[in-house]
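The chain contents come next:
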Amino acid sequence: QVQVVESGGGLVQPGGSLRLSCAASGSIFRINAWSWSRQAPGKQRELVATITILGSTNYADSVKGRFTISKDNTKDTVYLQMNSLKPEDTAVYYCNAFNPTDGRRYWGQGTQVTVSS
């Protein structure tokens, strides 16, 4: 089992920045990729960014150049640095960890990000 807990959400003005954190515990050694997804009201959940255990990253076109995903192995924490935020970035952001051994994704409870003036 793996547990993930997100934090760092909040209210920010357009053009501002936030850093989300995803703290992991449990059988982390089984995880080979971490992702951030988001879900806005009335919309489907959208994959935002992914990082593998080798450090390879991938981003949705809508956030490229503005968001950066990173991982601190000493703290078992994954981050999502969000810059130049736009109102359309408003959503609940979820972290998940992927275990290829059993194909399971472990999700956190989400953290709300609101971009508004």
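Going by the structure above, here's the rest.
Remember, it's a predicted structure, so these values are computed and weren't measured experimentally. (Residues numbered from 1 in each chain as written. Predicted model: local features only at pLDDT ≥ 70, side-chain atom pairs only at ≥ 80, totals over all residues. Heavy atoms only, no water.)

Draft legend 1. Expanded view of the overall build of the chain. A count of helical and extended segments in the chain gives zero helices and 11 strands. Along the chain, from the amino end to the carboxyl end, the secondary structure elements read β-β-β-β-β-β-β-β-β-β-β. Its C-alpha atoms give the chain a radius of gyration of 14 Å, near enough to 13 Å, the size a compact globule of 117 residues would have. Dimensions of the chain along its principal axes, counting C-alpha atoms only, are 45 × 25 × 25 Å. Residue burial in the chain is summarised as follows: out of 117 residues, 43% are buried. For the chain, the proportion of contacts with a sequence separation of at least 24, taken over those separated by at least 6, is 53%. Total accessible area on the chain stands at roughly 6,200 Å², and carbon and sulfur atoms take up 48% of it. With 12 positive and 8 negative side-chain charges, the chain shows a separation of 1 Å between the mean positions of the two kinds. (Helix = DSSP H or I, 4+ residues; strand = E, 2+ residues; numbered from the N terminus. Rg over C-alpha atoms; globule rule 2.2 N^0.38 Å. Buried < 20%, exposed > 50% of the residue type's maximum accessible area, 1.4 Å probe, protein only. Contact = heavy atoms within 4.5 Å. Areas by Shrake-Rupley, 256 points an atom, 1.4 Å probe, with all protein chains shown as cover. Lys, Arg positive; Asp, Glu negative; His and termini not counted. Charge placed at Lys NZ, Arg CZ, Asp CG, Glu CD.)

Draft legend 2. Looking closely at the pattern of salt bridges. All chains considered together, the criterion is met by four salt bridges. Between Asp89 and Arg38 there is a salt bridge, with its nearest N and O atoms 2.9 Å apart. With Asp89 in the loop between β8 (77-82) and β9 (91-99) and Arg38 in strand β4 (residues 33-39), this residue pair connects regions lying 51 residues apart in the sequence. A residue is classified by how much of its surface remains accessible, and Asp89, at 0% relative accessible area, is buried. Close ionic contact of Asp89 with Arg66 constitutes a salt bridge, the shortest N to O distance being 2.7 Å. Taken as a pair, Asp89 in the loop between β8 and β9 and Arg66 in the loop between β6 (57-59) and β7 (67-72) lie far apart in primary sequence, 23 residues in all. (Salt bridge = Lys/Arg side-chain N within 4 Å of Asp/Glu carboxyl O.)

Draft legend 3. Geometry of the pairing of strand β5 (residues 46-52). Both β4 and β5 contribute to a ladder of six bridges, which runs antiparallel. Across the sheet, the residue bridging to Trp36 is Ala49, located in β5. Linking two consecutive strands that pair antiparallel, namely β4 and β5, is a turn of six residues; a positive phi of about 80° is found at Gly42 within it. The sheet contact formed by β5 and β6 spans three bridges and is antiparallel. Residue pairing in the sheet places Ile51 in a bridge with Thr57 of β6. Counted between consecutive antiparallel strands, the loop separating β5 from β6 contains four residues, among which Gly55 sits at a positive phi close to 95°. (Pairing = 2+ DSSP bridges.)

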